[in-house]
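Spelled out, the chains give:
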Amino acid sequence: MKFEYEEFDTLDELLLYLASITPYGKQVMPISSYKDYIFSIIPLSPLTGEVMMMVYTKGKLDPGLVEFDVSSRKHRVVTSVERADKNYFIVLTPKLATLADEAINGLP
């Protein structure tokens, strides 16, 4: 498996990128907080799974729900999906993630 990478300076930049590639009408997307990185791994070759892209920033987030407002480029922790005009991310913190470990070990 081959990994490509895109690093962002801040969490809000990462969420802006992810909001821009989220399919229209999909309001909630998972992201991971693991080993001091916040990231999403996206298949670039969905049929074969040979090439994956890790989009990430350094940091930590507690598990839960994050609301992101594209127009202000700001996020906040919330307890429920409240508005249709916002993007939401479910923060997952796996105990072990072998695909993420492989991607993190390959970081340039």
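What counts, and where the lines are drawn
Residues numbered from 1 in each chain as written. Predicted model: local features only at pLDDT ≥ 70, side-chain atom pairs only at ≥ 80, totals over all residues. Heavy atoms only, no water. Helix = DSSP H or I, 4+ residues; strand = E, 2+ residues; numbered from the N terminus. Rg over C-alpha atoms; globule rule 2.2 N^0.38 Å. Buried < 20%, exposed > 50% of the residue type's maximum accessible area, 1.4 Å probe, protein only. Contact = heavy atoms within 4.5 Å. Areas by Shrake-Rupley, 256 points an atom, 1.4 Å probe, with all protein chains shown as cover. Lys, Arg positive; Asp, Glu negative; His and termini not counted. Charge placed at Lys NZ, Arg CZ, Asp CG, Glu CD. Salt bridge = Lys/Arg side-chain N within 4 Å of Asp/Glu carboxyl O. Arc of directions from axis to C-beta.

Side note on the overall build of the chain
Item 1. The secondary structure content of the chain amounts to two helices and seven strands.
Item 2. Put simply, the chain runs from its N terminus to its C terminus through helices and strands in the order β-α-β-β-β-β-β-β-α.
Item 3. In terms of overall dimensions, the chain is globule-like: its C-alpha atoms have a radius of gyration of 14 Å, near the 13 Å expected for 108 residues.
Item 4. Judged by the C-alpha coordinates and their principal axes, the chain covers about 40 × 25 × 25 Å.
Item 5. A burial count over the chain gives 42% of its 108 residues as buried.
Item 6. Long-range pairs, those at least 24 residues apart, make up 61% of the contacts in the chain between residues at least 6 apart in sequence.
Item 7. Of the accessible surface of the chain, which amounts to about 6600 Å², a share of 54% is contributed by carbon and sulfur atoms.
Item 8. The averaged location of the 15 negative side-chain charges in the chain is 4 Å from the averaged location of its 11 positive side-chain charges.

Looking at the pattern of salt bridges
Close approach of charged atoms lets side chains of opposite charge pair.
Item 1. Applying the stated criterion to the full structure yields seven salt bridges.
Item 2. Notably, a salt bridge pairs R76 with E67, separated by 2.8 Å at the nearest N-O pair.
Item 3. For D69, the salt bridge is made with K86, and the minimal N-O distance between the two is 3.4 Å. In this pair, D69 is assigned in strand β5 (residues 64-69) and K86 in the loop between β6 (74-78) and β7 (87-92), connecting sequence segments 17 residues apart. You'll find D69 and K86 in the same group, each marked buried.
Item 4. Residues joined by salt bridges that share partners form a network here, namely E67, R76 and E82.

Things to note about helix α2 (residues 98-105)
Item 1. All buried positions along α2 are accounted for by A100, D101, A103 and I104. Mapping the buried residues of α2 onto a view down its axis gives an arc of 165°, with all of them on the same face. Facing away from the buried side of α2, by more than 90 degrees, are the exposed residues T98 and N105.
Item 2. Against the buried residues of α2 lie β1 (2-7), β2 (28-34), β3 (37-43) and β4 (51-58).

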